[in-house]
Amino acid sequence: MINNIEELRERLFTSGIVTNEQELQGCTSKEIAYIESKYGVLPRTYKEILGLLGHSAGKLVRGSEFEFYFDRLIKMNEWQRESLLESIAEGDECTTLPNNAFCICALHGDPWFIIADGQDDSSVYFLHDDCITIQECSKSVMDWIEGFVEGAEYLIKREVR
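Residues numbered from 1 in each chain as written. Predicted model: local features only at pLDDT ≥ 70, side-chain atom pairs only at ≥ 80, totals over all residues. Heavy atoms only, no water.

What about the pattern of salt bridges?
Heads up, the rule is: The term salt bridge refers to a side-chain nitrogen of Lys or Arg lying within 4 Å of a carboxyl oxygen of Asp or Glu. Helical segments are the DSSP runs of H or I of at least four residues, strand segments are the runs of E of at least two, and each set is numbered from the N terminus. Exposure is judged per residue with a 1.4 Å probe applied to protein chains only, and the accessible area is read against the type maximum: over 50% gives exposed, under 20% gives buried, and values in between give partly exposed.
A complete count under the given rule lists 9 salt bridges for this structure. Residue R44 pairs with E48 through a salt bridge whose shortest N-O separation is 2.8 Å. Residue R44 and its partner E48 are located together in helix α3 (residues 44–53), separated by 4 residues, close to a single helical turn. Its relative accessible area of 27% is what places E48 among the partly exposed residues. For R44, the salt bridge identified is with D120, shortest N-O distance 2.3 Å. Here the residue R44 occupies a position in helix α3, and D120 occupies one in the loop between β5 (110–115) and β6 (124–127), the gap between them amounting to 76 residues. Its relative accessible area of 34% is what places R44 among the partly exposed residues. Residue classification places D120 among the partly exposed residues on the basis of a relative accessible area of 45%. Several salt bridges converge on common partners, so that one network encompasses R11, E146 and E153.

Things to note about the nonpolar core
Put simply, the rule reads: By convention a nonpolar core is built from buried Ala, Val, Leu, Ile, Met, Phe, Trp, Tyr and Cys residues, the set being connected through side-chain atoms within 4.5 Å. Contacts were defined at the residue level, with two residues in contact if any of their heavy atoms lie within 4.5 Å.
In this structure, L8, L12, L53, L60 and F68 are the most contacted members of the largest nonpolar core, which totals 52 residues. Where this core is concerned, the elements lending two or more residues are α1 (5–14), α2 (29–39), α3, α4 (70–89), β4 (101–107), β5, β6 and α5 (141–157). Of the residues forming this core, the biggest block, 8 residues, is contributed by α5. For L8, the contacting residues outside a window of four places in its chain are I2, I49, L52, L53, M142, I145 and V149.

Functional significance is not addressed by these values, which are geometric in nature.
Structure below.
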């Protein structure tokens, strides 16, 4: 179990997800402040994750599958909101995201998000492709990222990633 950012960093290296320091690139404090100026104060745990791996983390995720890193987070958040508002305007039954929701990842357009309310941690929620169902998928951001670590470890062991 990953309990803190130091354990996450160590696990990325010991598992082979990250093999050298150049593969692990975090966001700057200015980049994190930019996100917070648009979406609200991020939970401490998520800011730590962004600071560790916000730009790259070796074999953690494939860019073709996931919107995950900083360069895509802002675009993804804007697109998610616009897309939901368009669907509602067209008469589709859709759930809007809370104003302080921040999408931290998407798989083929379906987002995981947290609540940017300045808390220490946040549950992670998933908006299903029906645009109606929001489901809590993790009780904490660290538990959520551990799922990605376990997935990458599995694929590395099978030499798929």
